[in-house]
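Structural overview for review
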Amino acid sequence: MEINKFPMGEAVYQERLQNGLQVVLLPKPGFAQTFVTFTTHYGSVDRAFRTHGHKDYTVVPDGIAHFLEHKMFESEKGDVFPEFSRYGASANAFTTFDLTSYLFSCTDNLRENLNLLLDFVQDPYFTDANVEKEKGIIGQEIQMYNDNPDARVFYDLLKALYQEHPVRIEIAGTIDSIAKITKETLYECYETFYHPGNMVLFAVGGFEPETVLEWIRENQAKKSFSDVPVIDRPPITEPTAVKMAQTTAHLAVSQPKCLVAWKDAAGPMSGHDLLERELYLGVVLDALFGRSSPAYQEMMDEGLIDQGFSWEFERAETYGFAVIGGNTPQPEKLTDKIQSVIDEACQTGVLEAEFERCRKKAIGRFLTTLDSPGYVARGYVSYLLRGAQFLDTAAVLGELTLDEANRHLREYFAPERRAVSVVQA
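Residues numbered from 1 in each chain as written. Predicted model: local features only at pLDDT ≥ 70, side-chain atom pairs only at ≥ 80, totals over all residues. Heavy atoms only, no water.

Section: the nonpolar core
Across soluble globular proteins, you tend to see nonpolar side chains buried next to one another. Formed by 66 residues in total, the largest nonpolar core has its most connected members in Phe202, Leu288, Phe289, Phe309 and Phe413. If you tally residues by element for this core, the top one is helix α9 (residues 271–289), at eleven residues. Residues Ala11, Leu114, Leu116 and Ile178 belong to the second largest nonpolar core, which totals 53 residues. (Core = buried A, V, L, I, M, F, W, Y, C linked by side-chain atoms within 4.5 Å. Buried < 20%, exposed > 50% of the residue type's maximum accessible area, 1.4 Å probe, protein only. Helix = DSSP H or I, 4+ residues; strand = E, 2+ residues; numbered from the N terminus.)

Brief notes about the packing of α9 against helix α12 (residues 352–369)
Interaxial distance between α9 and α12 falls to 9 Å at its minimum, and their mutual angle equals 120°. It follows from the interaxial angle that α9 and α12 lie oblique. The way α9 lies across α12 gives a crossing that is right-handed. The segment α9 lies against α12, with Val283, Asp286 and Ala287 engaging Glu354, Phe355, Cys358, Arg359 and Lys361. Here the residues of the contact of α9 with α12 are counted per class, giving four nonpolar, no polar and four charged. (Axes fitted to C-alpha atoms, helices over the stretch in contact; angles between N-to-C directions. Parallel < 35°, antiparallel > 145°, perpendicular 65-115°, else oblique. Left-handed = near helix turned anticlockwise from the far one by under 90°. Contact = heavy atoms within 4.5 Å. Nonpolar A, V, L, I, M, F, W, Y, C, P; charged D, E, K, R; others polar.)

A short note on the environment of glycine 173
Mapped onto the elements, glycine 173 comes out in the loop between α5 (149–161) and α6 (175–178). Of the residues examined, glycine 173 reaches a relative accessible area of 4% and is grouped as buried. Considering only alpha carbons, one finds glycine 173 and cysteine 358, 185 residues apart in sequence, at a separation of 37 Å. Discounting chain neighbours no more than four positions away, the residues touching glycine 173 are Asp62, Gly63 and Ile142.

Comments concerning the pairing of strand β2 (residues 11–16)
Most of β2 sits inside the fold, with five of its six residues counted as buried. Across four bridges, strand β1 (residues 2–5) lies against β2 in antiparallel orientation. Bridge pairing in β2 links glutamate 2 to glutamine 14. If you look at the hairpin formed by β1 and β2, you'll find five residues sitting between the two strands, and glycine 9 has a positive phi there, around 95°. Connecting β2 to the antiparallel partner strand β3 (residues 22–27) that follows it, the hairpin turn spans five residues, and glycine 20 within it adopts a positive phi of roughly 100°. (Pairing = 2+ DSSP bridges.)

As for the sheet that holds strand β5 (residues 48–51)
Sheet architecture is open: three strands sit in the order β6-β5-β12, paired in antiparallel fashion. Since the sheet does not close on itself, it has two edges, and those belong to β6 (58–59) and β12 (231–232), each with one partner. Two strands pair when backbone bridges link them, and β5 and β6 are joined in this way by two bridges, in the antiparallel orientation. The residue bridging phenylalanine 49 from the neighbouring strand is threonine 58, located in β6. Sheet contacts for helix α7 (residues 183–193): β5, β6 and β12; angle to β5, the most-contacted strand, approximately 60°.

Notes on the packing of aromatic side chains
As enumerated under the stated definition, the model contains 26 aromatic pairs in all. For the ring pair phenylalanine 73 and phenylalanine 120, a centre distance of 4.9 Å and an interplane angle of 35° mean the geometry is tilted. With a gap of 47 residues between them, phenylalanine 73 in the loop between α1 (64–72) and β7 (74–75) and phenylalanine 120 in helix α3 (residues 110–121) connect regions that are remote in the sequence. A relative accessible area of 8% places phenylalanine 73 in the buried class. (Phe/Tyr/Trp six-rings, centres within 6.5 Å; stacked < 30°, edge-to-face > 60°.)

Thoughts on the layout of surface pockets
In this model, the largest pocket occupies a volume close to 1200 Å³. Broken down by secondary-structure element, the contributors of at least two residues to the lining of the largest pocket are β9 (90–95), α9, β15 (310–315), α12, α13 (373–385) and α14 (393–399). Grouping the amino acids of the lining of the largest pocket by side-chain chemistry returns 18 nonpolar, ten polar and ten charged. A volume near 430 Å³ is recorded for the second largest pocket. Around the second largest pocket, the lining comprises 19 residues; the ones closest to its centre are Val45, Asp46, Arg233, Ile236 and Thr318. Classifying every residue of the lining of the second largest pocket gives ten nonpolar, three polar and six charged. (1 Å grid on protein atoms, 1.4 Å probe; cavity = no way out; pocket = protein on both sides within 12 Å on 5 of 7 lines; lining within 4 Å. Points joined across faces, edges and corners; volume = space filled by probe spheres on them.)

So, the sheet that holds strand β13 (residues 246–250)
Spatial strand order, β13-β17-β14-β16-β15: five strands in an open sheet with mixed pairing. In this open sheet, the two edge strands, each paired with only one partner strand, are β13 and β15. Here the average twist between neighbouring strands, direction ignored, is 15°. Set on the sheet, helix α11 (residues 331–348) makes contact with β14 (257–263), β16 (320–327) and β17 (418–424); between it and β14 the angle comes to about 35°. Those strands touched by helix α15 (residues 402–412) are β14, β15 and β16, and its axis lies near 80° from that of β16.

Read these as spatial facts, not as claims about activity.
As structure tokens, then:
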């Protein structure tokens, strides 16, 4: 077992088992709660793939990763949720654009809950009948998202930003796309992406790492798996320009919602470069649009935004975007204001005092999150699957410089990469 120690005093225990499963344990002495995730590097953008020995790519229906997540909780014996409840654990799962994660938190019966998690994720049970039944359930979920203003303004924004990349497609797919899903396609995706060699088991909380690792070894030694598949995803060619500059949808909302975003055109990125870019853009956006920024106060004073106004930057291996916005009575005026703040900052640069304040604020915020097992688990695995080290965040933030921040600012916010999404009545 490999042990890596970090400057904040954290020690991470890591081992890759013989079946390929990557186990990462972050003990937190004194913590009562333990949070465990079992995650596959498989998300909604994985619409096509091939494995060794196959000439052609397999193309699967949109939304199948999310559909698979739903179906995994059903075993031949029934629903697995009551089993977690019996052992005092809270269980859940989620699918993003690039991963699917199953999780539980507990304060007792860790071994029983750990075995339960490993066993149900590694024992799929799909039938024609239960797949058809799930289509109705997920269809209702899709319709709820279509009617949800926050989901609609965000997904419409991605459709405007991207021309080709599958990140422009909703994670749950559409009612038409999930209608094409069969138990055979589910098993094919499961056998490709749910092999232990494509998965990470991460635990954080109050436990002895050597003991927990031995439990995991024992569980996995009882099962047999095929060789680790080599998964080949087709390259994605995404034009620099956005698909459309603005999109507007009409829903029954009391106040319009407006998001302004820029597409990242830096090309494929992973590891330290990805983490550094995300942190640079985060500090820049906080300096320009955070709650202590002059622009935020001006927009609040004008009644142009409310407390829901925010910014976000996300960078994955093949896509990335910066999003700014929220509720506003005047979407066009808010768009112009955001653009004017960007334009002025590109001329003058972020002020040194603002940069330092936001950089130190980000370090403090990160250190605070280390006391949240759930946040650490999600952040650690997400960065790990993107080749980056979550616990390097504070160190990388400490090395950011004003000159580089302003270089990122001036390179990133190009007019041809901007799109606006509005939802209004």
